[in-house]
Amino acid sequence: MLSPEKRREWIKSRRDQRKAARQIHGRRQSVRMVLLLAVITTCIASFIYLPWCMNDIDSDIKVRGNIYVSTDQIKSLLAESLHKPIFQVDPNKLEKKIASLEGVKHVFVKRAAFPKPQLSVEVLEEFPWATLSSGPEGVNEAVIAESGRVIPLSKFPNFPQPKLKIYGPSNMKMMPAAVKQWATWISYIEKQVSQSVTAIDLRKPFDVAVETEHLDLKLGTLDNTVTERLGRLVSIIDVLNSYKGKLQHVDLALDNNIPLKMHSAAQLKAMEEAAKRLAEREKKLAGKVAEEEGEDEAIEEI
């Protein structure tokens, strides 16, 4: 058993050892904290002071997937992202700006810092459904997409213009459900009359009409009975075929009967003369094309 003096010395040495261990541990922790703060400070300084910015709109911004919406139109909306640190650029904000273009359906923007700051833009354009015009003699003003979005041709002149025409005001708006419903009605009409639908006249809400290649259908007001009224075409198909080329329009606006309006004799004569002129014009055009082809073959032989 230790004497009191030796026991006091042993306890003192143990205290000194613990104190020395705590001092060593404290110094290690201080060094670690200094190194950590140095790393954090270096990272912050690198993001703030190093050139993490896009400077060239042509090489630092890549646009893919666009065909009819020009790359310049898209990049013009991203110009404010230049000369700004890439980590301060908000992709969601840029996506909303690009999606505001009528010809763009969906857009995805990705940013990258390595190997150099740049933006990557993936574009999905609207799919055209019909061409909007003020009337049969009016010029094409816009394209209506399957989503119902109206795409002005003055802003997007390269957008394809479908053969199906919609007559209506330039500020007309359509919902996706309306486009889908019209596509169903058009498919049914074409199947029944064996003619392609060429135009839909929406200028008068109470007197909506559908034009096919040789026949006009008056639908009246677009209400819940349109599908039922179109279904009555089946019962008069034989009559329509017997008067083919002589009917001016079929009135499906009424619930009880289906009036048929015939062309007058003068109108029929004018239509025949117009058809003859068109046939002669096509014949002359075909002869001219054949003559040019013959000249080309003769030149090749020489």
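Structure shown above.
Residues numbered from 1 in each chain as written. Predicted model: local features only at pLDDT ≥ 70, side-chain atom pairs only at ≥ 80, totals over all residues. Heavy atoms only, no water.

### Observations concerning a positive patch on the surface
- A cluster of basic residues, Arg14, Arg15, Arg18, Lys19 and Arg22, forms a positive patch at the surface.
- Among the structural elements, Arg15 can be located in helix α1 (residues 4-49).
- Judged by its relative accessible area of 57%, Arg15 falls in the exposed class. (Patch = residues over 30% accessible without salt bridge, like charges linked within 9 Å, V, L, I, M, F, W, Y side chains within 5 Å. Areas by Shrake-Rupley, 256 points an atom, 1.4 Å probe, with all protein chains shown as cover. Salt bridge = Lys/Arg side-chain N within 4 Å of Asp/Glu carboxyl O. Lys, Arg positive; Asp, Glu negative; His and termini not counted. Charge placed at Lys NZ, Arg CZ, Asp CG, Glu CD. Helix = DSSP H or I, 4+ residues; strand = E, 2+ residues; numbered from the N terminus. Buried < 20%, exposed > 50% of the residue type's maximum accessible area, 1.4 Å probe, protein only.)

### Section: the pattern of salt bridges
- Tallying each qualifying case throughout the model produces 7 salt bridges.
- Among the salt bridges present, the one from Lys97 reaches Glu80, with a minimum N-O distance of 3.4 Å. Here Lys97, found in helix α3 (residues 91-99), pairs with Glu80, found in the loop between α2 (71-76) and α3; they are 17 residues apart in sequence, far enough to count as distant.
- A relative accessible area of 26% places Lys97 in the partly exposed class.
- For Glu80, a relative accessible area of 41% translates into the label partly exposed.
- With its nearest N and O atoms 3.3 Å apart, the salt bridge here joins Glu102 to Lys155. Separated by 53 residues along the polypeptide, Glu102 in the loop between α3 and β2 (104-112) and Lys155 in the loop between β6 (150-152) and β7 (165-167) bring together distant segments of the chain.

### Brief notes about the packing of aromatic side chains
- Summed over the entire model, instances satisfying the criterion amount to 2 aromatic pairs.
- Arranged with centres 5.2 Å apart and planes meeting at 55°, the rings of Tyr68 and Phe159 form a pair that is tilted. Taken together, the positions of Tyr68 in the loop between β1 (61-64) and α2 and Phe159 in the loop between β6 and β7 put the pair 91 residues apart, joining distant regions of the chain.
- For Tyr68, a relative accessible area of 30% translates into the label partly exposed. (Phe/Tyr/Trp six-rings, centres within 6.5 Å; stacked < 30°, edge-to-face > 60°.)

### Details of α3
- Residues of α3 that are buried: Pro91, Leu94, Glu95 and Ile98. The buried side chains of α3 occupy one side of the element, clustering within an arc of 105° when seen end-on.
- Contacts made by the buried residues of α3 are with α2, β2 and β3 (118-125).
- Where α3 begins, the capping side chain belongs to Asp90, and its oxygen is found 3.1 Å from the backbone nitrogen of Asn92. (Arc of directions from axis to C-beta. Contact = heavy atoms within 4.5 Å. Polar contact = N/O pair within 3.5 Å; in protein donor to acceptor, adjacent residues only side chain to side chain.)

### Remarks on the sheet that holds β3
- With mixed pairing, the 3 strands of this open sheet are ordered in space as β1-β3-β2. Whereas interior strands pair on both sides, the edge strands pair on one side only; in this sheet they are β1 and β2. Neighbouring strand axes in the sheet, compared pairwise and without regard to direction, differ in orientation by 15° on average.
- The sheet contact formed by β2 and β3 spans 8 bridges and is antiparallel. The partner of His106 across the bridge, within β3, is Leu124.
- Here α3 sits on the sheet and contacts β2 and β3; the angle it forms with β2, its principal contact strand, is near 150°. (Pairing = 2+ DSSP bridges. Axes fitted to C-alpha atoms, helices over the stretch in contact; angles between N-to-C directions.)

### Quick word on the sheet that holds strand β9 (residues 208-212)
- Read from one edge of the open sheet, 9 strands run β6-β5-β4-β7-β8-β9-β10-β11-β12, paired in mixed fashion. Looking along the sheet, the strands with just one partner apiece sit at the ends: β6 and β12 (260-262). Neighbour-to-neighbour, the strand axes of the sheet open up by a mean angle of 25°, direction not taken into account.
- With 3 bridges connecting them, strand β4 (residues 128-133) and β7 associate as parallel partners. Bridge pairing in β7 places Ser133 opposite Tyr167.

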